[in-house]
Amino acid sequence: MAVPRALVLIFCILCCYAPATSSSASSGDFLHCLSANIPAQLVFTQSSPSFTSVLVSSIRNPKFLAPGTVRPLCIVTPTNASHVQATVLCGRRHGVRIRVRSGGHDYEALSYRSVRPEVFAVVDLAHLRAVRVNRRAATAWVDSGATVGDLYYAVAKASNHRLAFPAGLCPTIGVGGHFSGGGFGLLQRKYGVAVDNVLDAVLVDAKGRLLDKKAMGRDVFWAIRGGGGESFGIVLSWQVKLVPFPPKVTAFIVPVSVDDGAVDVTTKWQEVAPALPEDLFLRILIQGKVATFQAMYLGSCDALLPVMRRRLPELGMNRTHCREMTWIESVLYMYVGSGAAIPATDMLNRTIPMDSSYKATSDYVVNAIPRDAWAEIFAWLAKPNAGLMILDPYGGEISSVPESATPFPHRAGVLYNIQYMNFWAAGKDGAANKKWIREFYAFMEPYVSKNPRQAYFNYRDLDLGENVVVGNVSSYKAGKVWGEKYFKGNYRRLAIAKGKIDPEDYFRNEQSIPPLVPHH
């Protein structure tokens, strides 16, 4: 990882390391420290001709390109661990905080912007993107800067489509953020979420140390698997357990309009989908007056048809809807939402259209929503400036893991989770679209989880609350407002882990875990 000269330089920084408070922050001294310890071509200051292109390289939401967005002092693009360690140590010495970006999908862009004026740097992990598959052991090491698509493609290629990994649907998501927030997807009912299958990790902490699972300790290793890795340090890579997979799976996409019974089928789906065999994942995307049922089944069309006829005949799914394909093809088919099979190499495409800005938030449903409420929900989705909702079913493995096993607490008792999204043309302010999503979220309150009203950390939403900094440390009490929505009873344990690894709250943002140091 680190060359000897780099290690010597890090040792030199460590020897003269003295934490600085933000009041004594020196941007110039920080940049000078970086230039002395990291190759110049890996550091982009605001005056660099390439600064803007590097900054926007993985911005996924055009609204964060707006002129008023608080930009980083510089962007560091490390190619090995020593560069990350040096950046942390320079930042600690000169009072400059660091934010970490892997794929740029953070819904609130906290990986590369600050809500309020602040001097900070970004460590962009895009160059740390290797995937090393051990087919015999059915494991892989994947760097945080890799995308989910990079991981899926490497695993499928190395195993001839016989191994897979349970994570998200969108191929351009960065592994670092996705894993550290939980990471659910099409295989969650069969194999759980991504963090249920993490074996080890490598982390740079606030002291610039390079720590593996053993060195970081049980509590911190627990915390980074679903509690948001950026609160505890910079996770550089993850060792994951790969899962066995059939060479062919069956996918289908069946749209049902309101006029054709979408309200009734959706109402019944709530009870059926979480109780289906764990080999079958059946989600719904609702937009306008159409509910689109999307499924992946770990088996053949012949085996799937009788299950669908018996469990959800109202959907009218038949043989013409079946698409038998490889796992990689099925992910792309579901991601795009229609059409013919897409080449597996499209998994490696990191570019996405930047023509729409968006706002998103989430909910969890523990009791089936009544039919009359669904009729109202479909009416909301047919309003002007309306967005969409995605329903992902639970049951199976994701629901069998104890709430406290990982920070990701949404387990037994959850029927499904909801993602709400709304889009508007890039360059517009989207006021009407944001108003719709906030009003619809308020309308849904009686029908979703309570005390707390749960939310998924990877669908980050600052409307749920923000940190309050008291005495240069984020307040544990203020953080409970949003923290218990994401983490339920695990929030306190996360704060204690933060208190062990980063008691001075160096790694922080508007929704990072505050440190809690228990008084004995």
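Residues numbered from 1 in each chain as written. Predicted model: local features only at pLDDT ≥ 70, side-chain atom pairs only at ≥ 80, totals over all residues. Heavy atoms only, no water.

## Details of helix α5 (residues 148-159)
No. 1: Given a rise of 1.5 Å per residue, 12 residues ought to cover 16 Å, and the 17 Å separating the end C-alpha atoms of α5 matches this to within 8%.
No. 2: Those residues of α5 hidden inside the fold are in contact with β5 (131-134), β6 (139-143), β7 (163-164), α6 (175-180) and α12 (327-336).
No. 3: Remark: N160 follows α5 within two positions and exhibits a positive phi of approximately 55°. (Helix = DSSP H or I, 4+ residues; strand = E, 2+ residues; numbered from the N terminus. Expected span 1.5 Å × (residues − 1). Contact = heavy atoms within 4.5 Å.)

## Observations concerning the sheet that holds strand β10 (residues 234-241)
No. 1: Spatial ordering of the open sheet is given by β5-β6-β10-β8-β9, a layout of five strands whose pairing is antiparallel. Edge positions in the open sheet fall to β5 and β9 (210-211), since each of these has one partner strand only.
No. 2: As paired strands, β6 and β10 are joined by five bridges and run antiparallel to one another. Residue V142 lies in a different strand from β10, and its bridge partner there is W238.
No. 3: Strands in contact with α5 are β5 and β6; relative to β5, the strand with the most contacts, it is inclined by about 30°. (Pairing = 2+ DSSP bridges. Axes fitted to C-alpha atoms, helices over the stretch in contact; angles between N-to-C directions.)

## Things to note about the confidence of the model for the chain
No. 1: When the pLDDT values of the chain are averaged, the result is 94; 95% of them are 70 or greater.
No. 2: pLDDT under 50 marks residues 1-25. Its contacts with residues more than four places away, or in other chains, come to 36 contacts. (pLDDT = per-residue confidence, 0-100.)

## Overview of the packing of helix α10 (residues 262-272) against helix α13 (residues 371-381)
No. 1: Look at α10 against α13: their axes get within 9 Å of each other, and the N-to-C directions meet at 125°. Compared by their axis directions, α10 and α13 come out oblique. With respect to the hand of their crossing, α10 and α13 are arranged in right-handed fashion. Together, A262, V263, D264, T266, T267 and Q270 of α10 and R371, W374, A375 and F378 of α13 make up the contact between the two elements.
No. 2: For the contact of α10 with α13, the class distribution of residues is five nonpolar, three polar and two charged. (Parallel < 35°, antiparallel > 145°, perpendicular 65-115°, else oblique. Left-handed = near helix turned anticlockwise from the far one by under 90°. Nonpolar A, V, L, I, M, F, W, Y, C, P; charged D, E, K, R; others polar.)

## Things to note about the packing of aromatic side chains
No. 1: What the rule picks out here adds up to 28 aromatic pairs.
No. 2: Pairing F443 with Y447 gives two aromatic rings, centres 5.8 Å apart and planes at 55°, and the pair type is tilted.
No. 3: Residue classification places Y447 among the partly exposed positions, given a relative accessible area of 22%.
No. 4: Look at Y506 and F507: their rings are 5.0 Å apart centre to centre, the planes differ by 70°, and that puts the pair in the edge-to-face class. In this pair, the class of Y506 matches that of F507, namely buried.
No. 5: Three or more aromatic residues joined by ring pairs form one cluster here, namely Y107, F184, Y358, F408, F423, Y456 and Y459.
No. 6: Note that R453 overlies the ring of Y441, its terminal NZ or CZ placed 3.5 Å from the centroid.
No. 7: Note that R493 overlies the ring of W222, its terminal NZ or CZ placed 3.9 Å from the centroid. (Phe/Tyr/Trp six-rings, centres within 6.5 Å; stacked < 30°, edge-to-face > 60°. Buried < 20%, exposed > 50% of the residue type's maximum accessible area, 1.4 Å probe, protein only. Lys NZ or Arg CZ within 6 Å of the ring centre and 35° of its normal.)

## Observations regarding unusual backbone geometry
Negative phi characterises most residues that are not glycine, and trans characterises most peptide bonds.
No. 1: Cis geometry is adopted by the peptide bond preceding P452, which originates at N451 and carries an omega value of 5°.
No. 2: Following the sequence through the fold, P452 ends up in the loop between α15 (431-444) and β19 (469-470).
No. 3: Non-glycine residue N451 carries a positive phi angle of around 50°.
No. 4: Here N451 shows up in the loop between α15 and β19.
No. 5: Residue class for N451 comes out exposed when judged on its relative accessible area of 78%.

## Structural notes on the pattern of salt bridges
Think of it this way: side chains of opposite charge can pair up when their charged atoms draw near.
No. 1: On inspection of all chains with the given rule, the structure shows 31 salt bridges.
No. 2: The salt bridge involving D264 is made with R371; its shortest N-O contact spans 2.5 Å. Of this pair, D264 sits in helix α10 while R371 sits in helix α13, and the two are 107 residues apart along the sequence.
No. 3: Taking the relative accessible area as the measure of exposure, R371 reaches 42% and is therefore partly exposed.
No. 4: Shared partners join several salt bridges into a network, and the residues in it are E108, R113, K359, R438, D461 and D463. (Salt bridge = Lys/Arg side-chain N within 4 Å of Asp/Glu carboxyl O.)

## Thoughts on helix α17 (residues 490-501)
No. 1: Taking 1.5 Å per residue as the helical rise, α17 with its 12 residues ought to reach 16 Å, and the 17 Å between its terminal C-alpha atoms agrees with that figure.
No. 2: Taken residue by residue, α17 has N490, Y491, L494, A495, A497, K498, G499 and I501 as its buried positions.
No. 3: Buried residues along α17 sit in contact with β8 (198-204), β9, α9 (218-224) and α16 (476-487).

## Regarding the environment of W374
No. 1: The topology assignment puts W374 in helix α13.
No. 2: Given the relative accessible area of 0%, W374 is considered buried.
No. 3: Separated by 221 residues in the primary sequence, W374 and Y153 place their C-alpha atoms 39 Å from one another.
No. 4: Setting aside chain neighbours within four positions, we find W374 in contact with V263, T266, T267, Q270, I286, I369, M389, L391 and Y416.

## Re the sheet that holds strand β3 (residues 97-101)
No. 1: An order of β1-β2-β4-β3 is seen for the four strands of this open sheet, with the pairing classed as mixed. Of all strands in the sheet, those with a lone pairing partner are β1 (43-45) and β3, marking the two edges. Each neighbouring strand pair of the sheet contributes to a mean axis angle of 25°, computed without reference to strand direction.
No. 2: With three bridges connecting them, strand β2 (residues 74-76) and strand β4 (residues 120-124) associate as parallel partners.

## Brief notes about the nonpolar core
The nonpolar side chains of soluble globular proteins are, as a tendency, buried together.
No. 1: Of all hydrophobic cores here, the largest spans 112 residues; its most connected members are F179, W238, L315, W374, M389, F440 and M444.
No. 2: With 16 residues, the next largest nonpolar core counts V193, L388, V414 and Y456 among its residues. (Core = buried A, V, L, I, M, F, W, Y, C linked by side-chain atoms within 4.5 Å.)

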